[in-house]
Amino acid sequence: MGDDSVTDRRAPADVPLTGPRPRPPLQRLRPDEVFAALDVSPRGLTAREAELRQRRYGPNELPAPRRQGLARRFWSQFTDLFAIVLLVAAGLTFVAYTLQDPRDTGNLQLAFAILGVVVLNAVIGFVQEYSAERTAQTLQAMVPHTCVVLRDGERRELPTAALTPGDVIVLEAGDAVPADCRVVEAHGLTVNNASLTGESAAVGRGSEATDASAVLDSRNCVFMGTTAVAGSGKAVVFAVGADTEFGRIFRLTQEAPEQKTPLQHQVASMARRVAALAVAIGTIVLAVRLQSGQPLVSTFVFALGVMVALVPEGLPATLSVSLAIGVRRMANRQALVKRLLAVEALGSTTVICTDKTGTLTQAEMTVTRVWSGGGTHEVSGIGYAPVGAVADPGPVRDLLRTGVLCSDARLLPPDDGAGWRILGDTTEGALLVAAVKAGLDPGAEQTAAPRIGEFPFDPARKLMSTVHRFPEGTVVCVKGAPQELLARCTHLAGGDTVRPLTDAARASVSAANDAMAAQGLRVLGVARRRADAVPRALEEAESALTFLGLVGMFDPPRAEVSAAVRACRRAGIRIVMVTGDHPLTAEAVARRVGIVTHPAPTVVTGSSLDTMTGAALDALLAEPGELLLCRVSPEHKMRVVAALQARGEVVAVTGDGANDAPALKHADIGVSMGASGTDVAREASVVVLLDDSFASITTAVELGRSVYRNIGKFLTYLFSHNIAELVPILVATFVGFPLVPLTAVQILAIDLGSDVLPALALGAEPPEPDTMERPPRARRERLFSAGLVRRFLFLGIVQSIGVCAVFFWQVHSSGIPYADFTKDTPAYHKAITLTQAAIVVSQFFNALAVRTDRESVFRVGLFSNPRLLAAGCFGIALMAAISYAPPLQAVFHTAPIGVVDWAVLVGFGVLVLAAEETRKGLRRARQKEERP
């Protein structure tokens, strides 16, 4: 969306969230001036005026994400470099067909077969990505669908899309805020801005004018995507759709470029190398055969066969299916992957930048400690379920009863499969749960002492007071910030006694408060006083109070997070907490889950990042210690992610709020929350955790690493047989044999028939036990590493010895001179049949050999992968059909082979397995000697 449309959709006297701002700003106006500035009355817009404004400003919706059309997205599957290599191979093969006798359709069949492989691979990738995207779209749940609006002075429930600047909306506890609004009436209204700021604490909202320069910091504004957790109020809409703060973050997300995964870079590099090698060797073969006097056309076709032999036609399809298997495995473990290549990228992760609220924690405030009368009472149980108990609850029941009466929240029992829930402020909800654990019934307590007056929470004084009618008289109940409350108290309750609040008593209360705060607890003070009548003034209500005690609470970490963090540490993955919350709160949670283990972690705030140069930020990130980034904005998160990537890190970013979306999009791998996450965050990410569990990330990393290792296994498997296909052709060239030992159609039958299923079975191998004990590989590490190349060259050469032996043994035993061989010579048919069969049988044993990198395959179990055995047997059965079935003999120009031939081929296959087992044994022995 361009700037013109953004400007046009703002209200005439709006407070824009970005860019130049018309004066006077709405947050600095009194409520009556706000109505005048937006040209609306307190009764709301008329139906006619609302319709006119909707035409001008458009619907209250975020623009649909920019997506390519289905046809274009399907076509993009063909732009992968490996797909291009295969398309070029198909084109050259078709050229070879046109240069030959039209009755020889082998190369034509080969060309269409290669094209079929490319199309199949494109379909697999397109279907997987499209289906994952459709699943992700069903998770849209953040922006509310209806809201209560004043139109013509009447309350109406309307779709949120119908809102327009100037509308007056009504907010109640539990409502999601549907647009950016200026509050004009508030009754204890508090909102949770976690989806925008990352801070989980509810913040109060009032209608008074403020001098705040930033709209997001204004206490008289509420924003789309946030939630009213307590109280009620009215507000006037001043920004809708993409002009909201939510929309600003959405635009940041859309502007962030798509990041290629490490595997995409590796596959592209591999395709370039394979293409260059194929062309180079094909050119050499062409030159050698031309110098030996061979005809140009037949020599060109021969050279094309060499190039086709070097291209692993089955690799793209095998890679896509292997990744798709990884996608299904991750889905079974509650991780939805929207792009196939993201599976492997997770396994490459070196740094996880994680949010706190809702990602590491349960977003369920829980009371864990109550201090009263000089004694501390532990509270067991976590979350909103009232399961647990208060140790020695008698002395703290009055305190908790007072806290319940001074609360607007409601504790809701399980319903329709949902667990216990809080309607209202989560801090008040924690008090209700603690009261139940102490044996109180919140509903009965509130009924027995009805509320007859209140002084709502005010962020300036940090207190809330309510007035209740007890049988014995009027009582004022107060809760809030301990120090603010303590300043208004004159007495201290302790057990059954009340004594004056001396300086020493004040010091003990302050010490207890400091001890709880140092442990990362959010601390509330609770007090009360008897009154002869309902206080009319705030100062009267909140004076001469009796201090009852302190309540310490925290947002508990998810139970599974600590183990997940330990697993990431063992795997060499660094975890950096990046949150909008307070540093003390962030550090406390980080210590509980194991992200912080040292006494003095590095804590950096967003304001510090603002003044930090690029070099200073790089130096900060280069330090190996534990790092917490607190009070950060979306721009800060993006900057940190970019700086980590510049250092060569593979960065995964987790989050659930709209404030996380830009960093999710910019990261190598963005991981959002499916159940509690915003639609903007889910759109920006490539992995969605359906259970919102950080532990699922660890599982996904393990599966991603397994995918990468399995890719290495089937690459070794595939390229070793490419060597076995190429070497006999080169040997035939240099010894002057006029025909190819393996035709192009046979090569394709091996690549797409015999070898695909075993390669897939290797790609589906489960993670090895030490997968998460190894450090992550570097971003610059090549898929075609030196070790992998040495391994498949070794296996390929061993296979080639057997293949060349059986081919030239058959040619020699026929007694026919090389120059007399033609394509119709029966001995030639049997020789090429033996060549193909030798590769297929040796590949059966090769597949067993490459299952492990270092351990002997006999230790993991020769028959422990039944799918691999079945796939290998299928390849041998297919080879037998090509050898014996007349229709296939006609296609492949093959001949039957005898029992002795099969025995010789099996012997060569065993030789491959024995050679690889010997190599691994020598490697283990060498590593054992190198250990100290």
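All of these numbers come straight from a predicted model, not from anything done at the bench.

Observations concerning the pairing of strand β4 (residues 180–192)
Piece 1. Burial within β4 is extensive, with 10 of its 13 residues counted as buried.
Piece 2. Across 10 bridges, β4 lies against strand β7 (residues 227–239) in antiparallel orientation. By the bridge assignment, C181 is partnered in β7 with V237.
Piece 3. Of the pairings in the sheet, the one linking β4 to strand β6 (residues 221–222) comprises 2 bridges and is antiparallel in character. Each residue of the ladder has a partner; that of C181, found in β6, is V222.
Piece 4. Strand direction decides the pairing type here: β4 and strand β5 (residues 203–204), joined by 2 bridges, are antiparallel. Across the sheet, residue V191 finds its bridge partner in β5, namely V203.

Observations concerning empty space enclosed by the protein
Piece 1. The tally for this structure, following the rule as stated, stands at 5 cavities of 30 Å³ or more.
Piece 2. Roughly 60 Å³ of volume is contained in the largest cavity.
Piece 3. What lines the largest cavity is simply C353, T354, D355, V578, K637, V640, V641, V653, T654, D660 and A663.
Piece 4. At the level of secondary structure, the elements contributing two or more residues to the lining of the largest cavity comprise β9 (351–354), α23 (634–646) and β24 (651–655).
Piece 5. The biggest single contributor to the lining of the largest cavity is α23, with 3 residues.
Piece 6. Looking at the lining of the largest cavity residue by residue, the classes come out as 6 nonpolar, 2 polar and 3 charged.

Some thoughts on the packing of helix α28 (residues 756–763) against helix α32 (residues 866–884)
Piece 1. Relative orientation of the contacting elements α28 and α32 amounts to 170°, with a least axis distance of 8 Å. It follows that α28 is roughly antiparallel to α32 by the angle criterion. Listed contacts from α32 to L757, P758, A761 and L762 of α28 are R867, L868, A871, G872 and F874.
Piece 2. Split by residue class, the contact of α28 with α32 holds 7 nonpolar, 1 polar and 1 charged.

Here we look at the pattern of salt bridges
Piece 1. Tallied over the entire structure, the rule returns 29 salt bridges.
Piece 2. In this structure, E765 and R851 form a salt bridge, with 2.7 Å as the shortest nitrogen-oxygen distance. One end of the pair, E765, is in the loop between α28 and α29 (786–814); the other, R851, is in the loop between α30 (826–849) and α31 (857–860), with 86 residues separating them in the sequence.
Piece 3. Judged by relative accessible area, R851 falls into the buried class, the value being 6%.
Piece 4. Between E917 and K920 there is a salt bridge; the shortest N-O distance is 3.0 Å. Highlighted residues: E917 and K920, both in helix α34 (residues 899–930), separated by 3 residues, approximately one helical turn.

As for the nonpolar core
Piece 1. Judged by nonpolar contacts, the single largest core of 106 residues is most densely connected at M330, M577, I595, I669, V687, F694 and L905.
Piece 2. Per-element accounting of this core gives the leading share, 14 residues, to helix α26 (residues 695–735).
Piece 3. Excluding residues within four positions of it along the chain, I669 makes contact with A342, A345, L346, T349, V651, A652, V653, V686 and V687.
Piece 4. Judged by nonpolar contacts, the second largest core, of 49 residues, contains F223, A239, V641 and A684.

Some points on the sheet that holds strand β22 (residues 602–605)
Piece 1. If you walk across this open sheet you meet the 8 strands as β8-β26-β25-β24-β9-β21-β23-β22, and the pairing is mixed. What marks the edges here is a single partner per strand, and that holds for β8 (335–337) and β22. Strand-to-strand, the axes of this sheet are offset by a mean angle of 20°, without reference to chain direction.
Piece 2. The pairing of strand β21 (residues 574–578) with strand β23 (residues 627–630) spans 2 bridges and is parallel. Across the sheet, V578 pairs through a bridge with L629, a residue of β23.

Overview of the packing of helix α27 (residues 744–754) against α32
Piece 1. Packing of α27 against α32 leaves a shortest axis separation of 10 Å and a crossing angle of 145°. As for how α27 packs across α32, the hand of that crossing is right-handed. Between α27 and α32, the residues in contact are A749, G753 and S754 and F874, G875, L878 and I882, respectively.
Piece 2. Among the residues making up the contact of α27 with α32, the classes are represented as 4 nonpolar, 3 polar and no charged.

Notes on the environment of D668
Piece 1. Among the structural elements, D668 can be located in the loop between α24 (661–666) and β25 (669–673).
Piece 2. Judged by its relative accessible area of 3%, D668 is buried.
Piece 3. For the pair D668 and A652, spaced 16 residues apart in sequence, the C-alpha to C-alpha distance is 6.0 Å.
Piece 4. Polar contacts involving the side chain of D668 include one to the side chain of Q645, which spans 3.3 Å.

Remarks on the confidence of the model for the protein chain
For residues with low pLDDT, the predicted coordinates do not support detailed interpretation.
Piece 1. Within the protein chain, residue pLDDT values average 82, and 87% of them lie at 70 or more.
Piece 2. Low pLDDT (under 50) marks residues 1–23, which in the prediction has 57 contacts with non-local residues, meaning those over four places away or in another chain.
Piece 3. When the criterion is pLDDT under 50, residues 138–144 qualifies, and its contacts beyond four places in sequence or with other chains add up to 19 contacts.

What to know about the environment of D618
Piece 1. Residue placement: D618 occurs in helix α22 (residues 614–622).
Piece 2. Judged by its relative accessible area of 32%, D618 is partly exposed.
Piece 3. The spacing of D618 and R647 is 29 residues in sequence and 7.8 Å in space, taken between C-alpha atoms.

About the thresholds
- Residues numbered from 1 in each chain as written.
- Predicted model: local features only at pLDDT ≥ 70, side-chain atom pairs only at ≥ 80, totals over all residues.
- Heavy atoms only, no water.
- Buried < 20%, exposed > 50% of the residue type's maximum accessible area, 1.4 Å probe, protein only.
- Helix = DSSP H or I, 4+ residues; strand = E, 2+ residues; numbered from the N terminus.
- Pairing = 2+ DSSP bridges.
- 1 Å grid on protein atoms, 1.4 Å probe; cavity = no way out; pocket = protein on both sides within 12 Å on 5 of 7 lines; lining within 4 Å.
- Points joined across faces, edges and corners; volume = space filled by probe spheres on them.
- Nonpolar A, V, L, I, M, F, W, Y, C, P; charged D, E, K, R; others polar.
- Axes fitted to C-alpha atoms, helices over the stretch in contact; angles between N-to-C directions.
- Parallel < 35°, antiparallel > 145°, perpendicular 65-115°, else oblique.
- Contact = heavy atoms within 4.5 Å.
- Salt bridge = Lys/Arg side-chain N within 4 Å of Asp/Glu carboxyl O.
- Core = buried A, V, L, I, M, F, W, Y, C linked by side-chain atoms within 4.5 Å.
- Left-handed = near helix turned anticlockwise from the far one by under 90°.
- Polar contact = N/O pair within 3.5 Å; in protein donor to acceptor, adjacent residues only side chain to side chain.
- pLDDT = per-residue confidence, 0-100.

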